[in-house]
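Okay, here's what each chain looks like letter by letter:
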Amino acid sequence: MSESDEVERLIAAWQRERPDLDVSPMAVLSRVSRLSRHLDLARREAFADHELEGWEFDVLSALRRAGAPYRLSPGRLLRETLVTSGTMTNRIDRLAARGFVVRSPDPGDRRGVLVTLTDEGRRVVDDALVALLRRERDLLASLADDESDRLAALLRALLIPFDAPGV
């Protein structure tokens, strides 16, 4: 690898200015941070092409991943999307107004509600997913398949402690 990137320049400057510090974590985490910004932009573009906000995709995709009949409780949607109940209520209201979801009584709990993906919601989330995957493949284009697999495994190992229950 003969090409240098912005992170290498940043690390070199810190090593020059603070030779007493081990700045090696920056070699990984600054690159992850910069890549995250590129991924956020790619996500915004993919979703904008389908007139969706990122949060809309997150809720719709949680319902889509649930499988037929594409229905979850608001509590389950909270856990899937990591937002507060007030935020989720607002999001469900907005998605229902767009015709992407409907609320119905939970037959197993008189006080409960279920949120169901409509046919239109399913079409929109499926189309947005195709666009997102195309952009994500573009972001990974400089890696060979085995390199991508290795990177995925390394990132998984790094993330597992953060995804543990109670974290």
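Okay, so let's go over this structure. (Residues numbered from 1 in each chain as written. Predicted model: local features only at pLDDT ≥ 70, side-chain atom pairs only at ≥ 80, totals over all residues. Heavy atoms only, no water.)

1. Re unusual backbone geometry
Item 1. The amide bond that connects Ala68 to the next residue, Pro69, takes the cis arrangement and shows omega of 10°.
Item 2. Phi is positive for Glu51, which is not a glycine, with a value near 55°.
Item 3. Mapped onto the secondary structure, Glu51 falls in the loop between α2 (25-48) and α3 (54-65).
Item 4. Judged by relative accessible area, which is 62%, Glu51 ranks as exposed.
Item 5. Positive phi, close to 60°, is recorded for Tyr70, a residue that is not glycine.
Item 6. Counting through the fold element by element, Tyr70 comes out in the loop between α3 and β1 (71-72). (Helix = DSSP H or I, 4+ residues; strand = E, 2+ residues; numbered from the N terminus. Buried < 20%, exposed > 50% of the residue type's maximum accessible area, 1.4 Å probe, protein only.)

2. So, a nonpolar patch on the surface
Item 1. A cluster of nonpolar side chains, contributed by Val28, Leu29, Val32, Leu35, Leu139, Leu140, Leu143, Leu151, Leu155 and Leu158, occupies part of the molecular surface with about 750 Å² of accessible area.
Item 2. Mapped by element, the contributors of at least two residues to the nonpolar patch are α2 and α7 (145-163).
Item 3. Note on Val32: relative accessible area 38%, which makes it partly exposed. (Patch = residues over 30% accessible without salt bridge, like charges linked within 9 Å, V, L, I, M, F, W, Y side chains within 5 Å. Areas by Shrake-Rupley, 256 points an atom, 1.4 Å probe, with all protein chains shown as cover. Salt bridge = Lys/Arg side-chain N within 4 Å of Asp/Glu carboxyl O.)

3. Focus on the pattern of salt bridges
Item 1. Tallied over the full model, the rule gives 16 salt bridges.
Item 2. The closest approach of N and O atoms between Arg98 and Glu56, which form a salt bridge, is 2.8 Å. Within this pair, whereas Arg98 is found in the loop between α5 (85-97) and β2 (101-106), its partner Glu56 is found in helix α3, the two being separated by 42 residues in sequence.
Item 3. For Arg98, a relative accessible area of 35% gives the class partly exposed.
Item 4. Salt-bridge contacts for Asp126 lead to Arg64; the nearest nitrogen and oxygen are separated by 2.8 Å. Of the two residues, Asp126 sits in helix α6 (residues 119-139) while Arg64 sits in helix α3, which places them 62 residues apart along the sequence.
Item 5. What emerges from the salt-bridge pattern is a single network uniting Asp5, Glu8 and Arg31.

4. Describing the sheet that holds β1
Item 1. Strands sit in the order β1-β3-β2 across an open sheet of three strands; the sheet is antiparallel. Two strands lie at the open edges of the sheet, namely β1 and β2, each paired on one side alone.
Item 2. Packed onto the sheet, α5 meets β2 and β3 (109-117) and runs at close to 120° relative to β2. (Pairing = 2+ DSSP bridges. Contact = heavy atoms within 4.5 Å. Axes fitted to C-alpha atoms, helices over the stretch in contact; angles between N-to-C directions.)

5. Observations regarding the environment of Arg91
Item 1. Within the fold, Arg91 resides in helix α5.
Item 2. Residue class for Arg91 comes out buried when judged on its relative accessible area of 19%.
Item 3. When the C-alpha positions of Arg91 and Val59 are compared, they lie 8.1 Å apart, and in sequence the two are 32 residues distant.
Item 4. Apart from the residues lying within four places of it in its own chain, the contact partners of Arg91 are Trp55, Val59 and Val83.

6. Quick notes on the pairing of β3
Successive side chains on a regular strand alternate, one facing one side of the sheet and the next facing the other.
Item 1. The pairing of β1 with β3 spans two bridges and is antiparallel. Paired with Arg71 across the strands is Thr116, a residue of β3.
Item 2. Strand direction decides the pairing type here: β2 and β3, joined by six bridges, are antiparallel. Within β3, the residue paired with Ser104 across the bridge is Leu114.
Item 3. Linking two consecutive strands that pair antiparallel, namely β2 and β3, is a turn of two residues.

7. Structural notes on the side chain of Thr81
Item 1. Among the secondary structure elements, Thr81 is positioned in helix α4 (residues 74-81).
Item 2. One polar contact links the side chain of Thr81 to the main-chain carbonyl oxygen of Leu77, over a distance of 2.7 Å.
Item 3. For Thr81, the contacting residues outside a window of four places in its chain are Asp58, Val59 and Met88. (Polar contact = N/O pair within 3.5 Å; in protein donor to acceptor, adjacent residues only side chain to side chain.)

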